[in-house]
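Analysis of the macromolecular model
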Amino acid sequence: MNSVPLRSENNVTDQLYRKNQIKSVVFLIVLGAALLLTVLLSLRAGSYETPIGELVKGIFGRSADRKINLVVQKNRLPRIVTAVFAGGGLGLAGCILQAVLRNPLASSSTLGVSQGATFGAAFAIVVLGLGANDRWGIPLCAFLGSIAVALVILGLSKFRQVSPEGIVLAGVAISSMFTGATTLIQYFADEVQLSTLVFWTFGDLGATSWEDLGSMASIVSILCVYCFLHRWDYNALLSGEETAISLGLNVKRLTLVGMVLCCLCSSVVVSCVGLISFIGLVAPHIVRMVVGNNHVYLIPGSILGGATLLLLGDLFARTVISPVILPIGAITSFLGGPLFLYLLFKGGKKR
């Protein structure tokens with residue numbers, strides 16, 4: 001007698017799941033198309049205006065005008081690729097940090113991870129005397145600074161059982177401490193070191209070489225592969241730590257490895273392009289509003305969303321008062337600040 005209503009409920013559930021699947025896939029396709037369109041717009045933006053067809057040929061060095069080949073391959077294309085990998089990496093890092101800490105306000109910038117990486121880079125430049133072109137020392141110090149912050153956050157979350165709101169407040173306090181320490185280091189820097197440090201604090205997508213892009217792309221790709229392989233594990237965490245453990249999931253290892261990889265990704269991005277705020281907070285939330293908390297779609301959506309947002313921010317910074325290029329860090333802060341306040345007020349209303 002009860003089998004008919006049960007089948008009806010199952011059919012409704014299946015239909016809703018399939019509908020959400022279709023909606024999520026369509027949204028990912030739209031995000032991919034938006035990223036491609038933004039890439040083409042960024043490729044065309046600049047004082048050297050040419051038809052988009054010639055610019056695309058310039059990517060492969062096949063334009064009839066050698067100047068176009070030079071401008072595209074040496075200037076515009078590295079900047080675009082930097083924005084795509086940096087934005088995608090920060091968006092994914094924010095998505096994973098929110099999952100393992102079960103905190104919707106978690107990201108590398110709000111928790112102080114990026115600020116710790118900036119302090120590590122400043123320490124390497126001024127105290128250790130490493131040059132701006134150092135490929136290993138500065139990223140290593142940036143990683144050590146970010147992982148120190150991550151360990152504090154992880155300890156507060158797991159061992160002290162601090163609430164999600166308390167974690168965010170702790171992140172704000174840690175960010176303030178590392179920002180103050182970076183400022184003190186700047187005070188004792190010479191002119192060359194100070195100009196290099198200003199690069200870190202402002203954020204710049206136009207100073208990376210293809211060698212820098214290689215290291216950043218490798219780390220971001222490793223994080224992408226690892227997170228996608230564990231997409232169902234992050235879904236299991238949504239039901240709570242005890243439920244995830246009952247399903248055979250090693251929660252401690254998943255959390256630790258995820259945070260280490262996110263810190264490594266954030267530190268490499270900071271060492272290459274400087275401090276970029278709020279991309280890791282904004283991108284996952286925009287995607288989550290459409291696809292929900294299913295990491296099968298949330299992970300690629302956060303990558304595409306982060307890349308698109310950072311590239312749009314850079315496009316705005318390059319064109320709003322051209323030929324002056326505004327610092328990308330300031331643009332992303334204006335973007336993320338209002339959303340951060342919205343999420344705080346939204347959480348307060350729920351209580």
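Below you will find a few notes about this structure. None of the values given here were measured: they were computed from a predicted structure.

Turning next to the overall build of the protein. Within the protein, the regular secondary structure consists of 14 helices and 0 strands. Reading the protein from its N end, one meets helices and strands in the order α-α-α-α-α-α-α-α-α-α-α-α-α-α. Taken across its 351 residues, the protein has 49% of its residues classed as buried. Here the analysis covers contacts within the protein between residues at least 6 apart in sequence; of these, 75% occur between residues at least 24 apart. Just so you have it, the protein exposes about 17,600 Å², and 67% of that area is on carbon and sulfur atoms.

A separate point is the pattern of salt bridges. Under the criterion given, the structure shown has 3 salt bridges. The partner of Glu 241 in a salt bridge is Arg 102, with the nearest N and O atoms 3.4 Å apart. With Glu 241 in helix H10 (residues 241-246) and Arg 102 in the loop between helix H3 (66-101) and helix H4 (113-126), the pair connects residues that are 139 residues apart, well separated along the chain. Judged by relative accessible area, Arg 102 falls into the partly exposed class, the value being 32%. The salt bridge partner of Arg 318 is Asp 314, with a shortest N-O separation of 3.8 Å.

What follows covers helix H8 (residues 210-229). Counted at 1.5 Å a residue, the expected span for H8 with its 20 residues is 28 Å, and the 28 Å between its end C-alpha atoms agrees. Turning to H8, its buried residues number three or more, namely Leu 213, Met 216, Ala 217, Ile 219, Val 220, Leu 223, Cys 224, Tyr 226 and Cys 227. Packing partners of the buried residues in H8 comprise H3, helix H9 (231-237), helix H11 (251-273) and helix H13 (295-319).

Scanning the model with the defined rule gives 3 aromatic pairs in all. Between Phe 119 and Phe 123, the ring centres sit 6.3 Å apart and the planes meet at 40°, which makes this aromatic pair tilted. Residue Phe 119 and its partner Phe 123 are located together in helix H4, separated by 4 residues, close to a single helical turn. On the accessibility criterion, Phe 119 (21% relative accessible area) is partly exposed.

So, on to the environment of Val 287. Relative to the helices and strands, Val 287 resides in helix H12 (residues 279-291). Sequence separation of Val 287 and Ser 302 is 15 residues, and the distance between their C-alpha atoms is 6.4 Å. Leave out the neighbours within four places in its chain, and Val 287 touches Phe 27, Leu 31, Gly 292, Tyr 297, Leu 298, Gly 301 and Ser 302.

Residue Arg 102 is not a glycine yet carries a positive backbone phi of 50°. Despite not being glycine, Phe 278 shows a phi value in the positive range, around 75°. Topologically, Phe 278 is positioned in the loop between H11 and H12.

What follows is about the nonpolar core. Membership of the largest hydrophobic core comes to 78 residues, with the highest contact counts inside it found for Ile 96, Met 216, Cys 227, Tyr 234, Leu 237 and Leu 310. Among residues more than four places away in sequence, those in contact with Leu 237 are Ala 99, Val 100, Arg 102, Ala 244, Leu 249, Val 251 and Leu 254. Of all hydrophobic cores here, the second largest spans 10 residues; its members include Ala 122, Ala 124, Val 126 and Leu 197.

Below, the discussion takes up a nonpolar patch on the surface. There is a patch of nonpolar side chains on the surface, built from Leu 36, Leu 40, Ile 52, Val 56 and Phe 60 and spanning about 440 Å² of accessible area. Summarising the element assignment, Phe 60 is placed in the loop between helix H2 (52-59) and H3.

This part is about the packing of H3 against H12. The interhelical angle for the contact between H3 and H12, taken along N-to-C directions, is 70°, at an axis separation of 7 Å. Looking at the two axes, H3 sits roughly perpendicular to H12. Across the interface between the two elements, Gly 87, Leu 90, Gly 91, Gly 94, Cys 95 and Gln 98 from H3 touch Ile 279, Gly 280, Leu 281, Ala 283, Pro 284, His 285 and Arg 288 from H12. Residues belonging to the contact of H3 with H12 are distributed by class as follows: 6 nonpolar, 6 polar and 1 charged.

Thresholds, definitions, all that
- Residues numbered from 1 in each chain as written.
- Predicted model: local features only at pLDDT ≥ 70, side-chain atom pairs only at ≥ 80, totals over all residues.
- Heavy atoms only, no water.
- Helix = DSSP H or I, 4+ residues; strand = E, 2+ residues; numbered from the N terminus.
- Buried < 20%, exposed > 50% of the residue type's maximum accessible area, 1.4 Å probe, protein only.
- Contact = heavy atoms within 4.5 Å.
- Areas by Shrake-Rupley, 256 points an atom, 1.4 Å probe, with all protein chains shown as cover.
- Salt bridge = Lys/Arg side-chain N within 4 Å of Asp/Glu carboxyl O.
- Expected span 1.5 Å × (residues − 1).
- Phe/Tyr/Trp six-rings, centres within 6.5 Å; stacked < 30°, edge-to-face > 60°.
- Core = buried A, V, L, I, M, F, W, Y, C linked by side-chain atoms within 4.5 Å.
- Patch = residues over 30% accessible without salt bridge, like charges linked within 9 Å, V, L, I, M, F, W, Y side chains within 5 Å.
- Axes fitted to C-alpha atoms, helices over the stretch in contact; angles between N-to-C directions.
- Parallel < 35°, antiparallel > 145°, perpendicular 65-115°, else oblique.
- Nonpolar A, V, L, I, M, F, W, Y, C, P; charged D, E, K, R; others polar.

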